[in-house]
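Notes for the structure review
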Amino acid sequence: MHKTNLDIKENNEAVIIKAIIESKSISRAQLSVLTGLTKPSVTTITKRLLDSSLIEEHEIGTPSSLGGRKPIMLKFNPKSALSIGINIREDGFDGTLNFLDGAVIDHFSKNKITISEENTLQELVAMLNMFFLNLPSTPHGVIGITISIHGTVENNKIIFVPHYSLDSIDLVEEISKIFMVPVYLENGANLAALAEYAFSTKYDNLISLNVYGGIGAGIIEKGELLIGHNGQGGEVGHTTLYPNGKLCPCGNHGCLEQYAANDIVISTIEKKLQRKSISLSEVKDLYYQNNQIVVNSINEMAYHLSIGVQSLVAIIAPDIIFLNNPLSKEIPEILKILNDHLSSRFSKDTTVLNSPLGYNAIQLGTTINNTQRFLNVKNLKFI
Ligand SMILES: [Zn+2]
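Definitions and cut-offs
- Residues numbered from 1 in each chain as written.
- Predicted model: local features only at pLDDT ≥ 70, side-chain atom pairs only at ≥ 80, totals over all residues.
- Heavy atoms only, no water.
- Helix = DSSP H or I, 4+ residues; strand = E, 2+ residues; numbered from the N terminus.
- Expected span 1.5 Å × (residues − 1).
- Polar contact = N/O pair within 3.5 Å; in protein donor to acceptor, adjacent residues only side chain to side chain.
- Axes fitted to C-alpha atoms, helices over the stretch in contact; angles between N-to-C directions.
- Parallel < 35°, antiparallel > 145°, perpendicular 65-115°, else oblique.
- Left-handed = near helix turned anticlockwise from the far one by under 90°.
- Contact = heavy atoms within 4.5 Å.
- Nonpolar A, V, L, I, M, F, W, Y, C, P; charged D, E, K, R; others polar.
- Domains from an automatic or database assignment.
- Buried area = accessible area lost by both parts, 1.4 Å probe.
- Salt bridge = Lys/Arg side-chain N within 4 Å of Asp/Glu carboxyl O.
- Pairing = 2+ DSSP bridges.
- Donors = N, O, S within 2.8 Å, 3.2 Å for Na, K, Ca; no water.
- Tetrahedral: all angles 85-135°; square planar, octahedral: opposite > 155°, others 65-115°.
- Buried < 20%, exposed > 50% of the residue type's maximum accessible area, 1.4 Å probe, protein only.
- pLDDT = per-residue confidence, 0-100.
- Phe/Tyr/Trp six-rings, centres within 6.5 Å; stacked < 30°, edge-to-face > 60°.
- Lys NZ or Arg CZ within 6 Å of the ring centre and 35° of its normal.

This part takes up helix α10 (residues 292–316). Between its first and last C-alpha atoms α10 spans 35 Å; for 25 residues at 1.5 Å apiece the expected length is 36 Å, and the two agree. With a side-chain oxygen lying 3.0 Å from the backbone nitrogen of isoleucine 293, the N-terminal cap of α10 falls on asparagine 291. Count one or two residues on from α10 and you reach alanine 317, which has phi positive near 50°.

Attention now moves to the packing of helix α8 (residues 262–273) against α10. Packing of α8 against α10 brings their axes to within 10 Å, and their N-to-C directions diverge by 155°. Considering their axes alone, α8 and α10 lie roughly antiparallel with respect to each other. Viewed along their axes, α8 and α10 form a crossing whose handedness is right-handed. Contacts between α8 and α10 pair Asn262, Val265, Ile269, Lys272 and Leu273 from the former with Ile293, Val294, Ser297 and Met301 from the latter. Taken together, the residues that form the contact of α8 with α10 break down as six nonpolar, two polar and one charged.

Here we come to the domain arrangement of the protein. Domain annotation of the protein identifies domain 1 (11–76), domain 2 (80–193 + 361–375) and domain 3 (202–355). Each of domain 2 and domain 3 has a C-alpha centre, and the two are 26 Å apart. The contact between domain 2 and domain 3 buries some 1,100 Å² in all, and 56% of this surface belongs to carbon and sulfur atoms. Contact with domain 3 buries surface across domain 2, with Thr152, Asn190 and Ala193 losing the most and accounting together for 38% of the total. Applying the counting rule to domain 2 against domain 3 returns zero salt bridges. Among the elements of the structure, β8 (152–154), β10 (183–187) and α6 (188–199) are those that each provide at least two residues to the side of domain 2 that touches domain 3. Tallying contributions element by element places α6 first for the side of domain 2 that touches domain 3, with four residues. Among the residues making up the side of domain 2 that touches domain 3, the classes are represented as six nonpolar, three polar and three charged.

What the five strands build is an open sheet, ordered β6-β5-β4-β7-β10; its pairing is mixed. Only two strands of the sheet have a single neighbouring strand rather than two, namely β6 (104–110) and β10. Strand-to-strand, the axes of this sheet are offset by a mean angle of 15°, without reference to chain direction. The pairing of strand β4 (residues 82–88) with strand β7 (residues 142–149) spans six bridges and is parallel. Across the sheet, the residue bridging to glycine 85 is threonine 146, located in β7.

Within the fold, proline 40 resides in helix α3 (residues 39–51). Sequence separation of proline 40 and glycine 141 is 101 residues, and the distance between their C-alpha atoms is 30 Å.

With distances of 2.0 to 2.4 Å, the protein atoms coordinating the zinc ion are His238 (ND1), Cys248 (SG), Cys250 (SG) and Cys255 (SG). Considering all four donor atoms around the zinc ion, angles at the metal cover 103 to 121° and the coordination shape is tetrahedral. When the donors of the zinc ion are listed by position in the chain, the intervening gaps give H-x9-C-x1-C-x4-C. You'll find cysteine 248 and cysteine 255 in the same group, each marked buried.

Quick look at the pairing of β10 now. Within β10, five of the five residues are buried, which leaves it mostly tucked inside the rest of the structure. The two faces of β10 match: Val183, Leu185 and Asn187 on one face and Tyr184 and Glu186 on the other face are all buried. Of the pairings in the sheet, the one linking β7 to β10 comprises five bridges and is parallel in character. Across the sheet, the residue bridging to isoleucine 147 is leucine 185, located in β10.

Moving on to the confidence of the model for the protein. For the protein, per-residue confidence averages 92 on the pLDDT scale, and 95% of positions sit at 70 or higher. Confidence over residues 1–6 falls short of pLDDT 50; this stretch has 19 contacts with residues more than four positions distant or in other chains.

What follows deals with the pattern of salt bridges. Inspection of the entire model under this criterion finds 12 salt bridges. Taking the shortest distance from any N to any O, the salt bridge between glutamate 13 and arginine 48 comes out at 2.7 Å. With glutamate 13 in helix α1 (residues 11–23) and arginine 48 in helix α3, this pair connects stretches of sequence that are 35 residues apart. Glutamate 174 is the salt-bridge partner of lysine 177, the closest N and O atoms lying 3.8 Å from each other. Of this pair, lysine 177 and glutamate 174 both sit in helix α5 (residues 171–179), separated by three residues, roughly a single helical turn. When salt bridges with common partners are traced through the structure, they connect Arg89, Asp91 and Asp94 into a single cluster.

We now examine the packing of aromatic side chains. Taken as a whole and assessed by the stated rule, the structure comprises seven aromatic pairs. The interplanar angle of 65° and the centroid separation of 6.2 Å between the aromatic rings of tyrosine 212 and tyrosine 359 together place this pair among those described as edge-to-face. With tyrosine 212 in the loop between β11 (206–211) and β12 (215–221) and tyrosine 359 in the loop between β15 (351–354) and α13 (360–375), this residue pair connects regions lying 147 residues apart in the sequence. Classification of tyrosine 212 as partly exposed rests on a relative accessible area of 24%. Assessed through its relative accessible area of 36%, tyrosine 359 is described here as partly exposed. Look at tyrosine 287 and tyrosine 288: their rings are 5.1 Å apart centre to centre, the planes differ by 90°, and that puts the pair in the edge-to-face class. Tyrosine 288 sits in the partly exposed class, given a relative accessible area of 41%. Members of the aromatic cluster, each reached through a chain of ring pairs, are Phe76, Phe199 and Phe382. Positioned over the ring face of tyrosine 259 is lysine 246, at 4.8 Å from the centre of the ring.

Structural data, given as structure tokens:
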């Protein structure tokens, strides 16, 4: 049985641990100044956090000129607990066991399977069992399992998933009953946004634009995820590009993702080149060999994406946008073309960058989600 033995309910404890994590290394006196809490309060709270192994003491710097000891500093101990993240893709599962700073301990993947209501629970339990059989010893054990869903999620319930149905199973109930740890469901783009917020930028307003099989945006405004009604905020892939365009599984015509999703662009290139399949690196090679079919397809994709980005900027006005897309990682010119198209008064000052986290963003987001809920903190930054 794995159960957490810490329950940070005290707001002051949450304030202190967040300050310790974000400062990397801090003294009790500095904590008192930073948080406005009295020194005796800081001493009491940090003792409890030390006793629970969530923080550690270490010595740095030089003793004061009057002699005396080196100051004792405090730092977060990410190895005090474990986090598990599962990503339910369109055709498989990825699972990762992490320490609380995102450091990977173990991971498993299962590919090329059809996700269904019949097999999903069984597959997830089998993967989780592999983790639980070999857990490293830590004071708190596994503090949460976050499951990434490529669909809309609200209040830990799946609302809609376009590529598979999981309607009849309650993953949260079933998995938490078996493993006795908190289980959270979250939209993949939202998890990616949490990860970018924590690891990639000091900004508080950002968009993580995830362009894979579909297109979804995770939006963070002033450190908070913008979820929207039924978790439908950020479904930018289903904004209309061409009102009489291609039919989308969502029921509308001409949705952005029908023209600019990574997998759709690749299958269009395959069709035009009359190939059965083509890898990312082949697309990259053909692009740099100036193959006109590939160059034109990439240009069109970047142009279509720029329209989606322009709308996002006009409505949300983020400080920064992270494009999380396998093709633009291989062909950075996509980013340049996209930025060149952003010419309106609203969008020309917004920076669009390739995501530094790439495919790992979702898994890192699961760790951030578990850690924030365990520590009762929000807006955590590890950068
Ligand atoms: Zn659609």
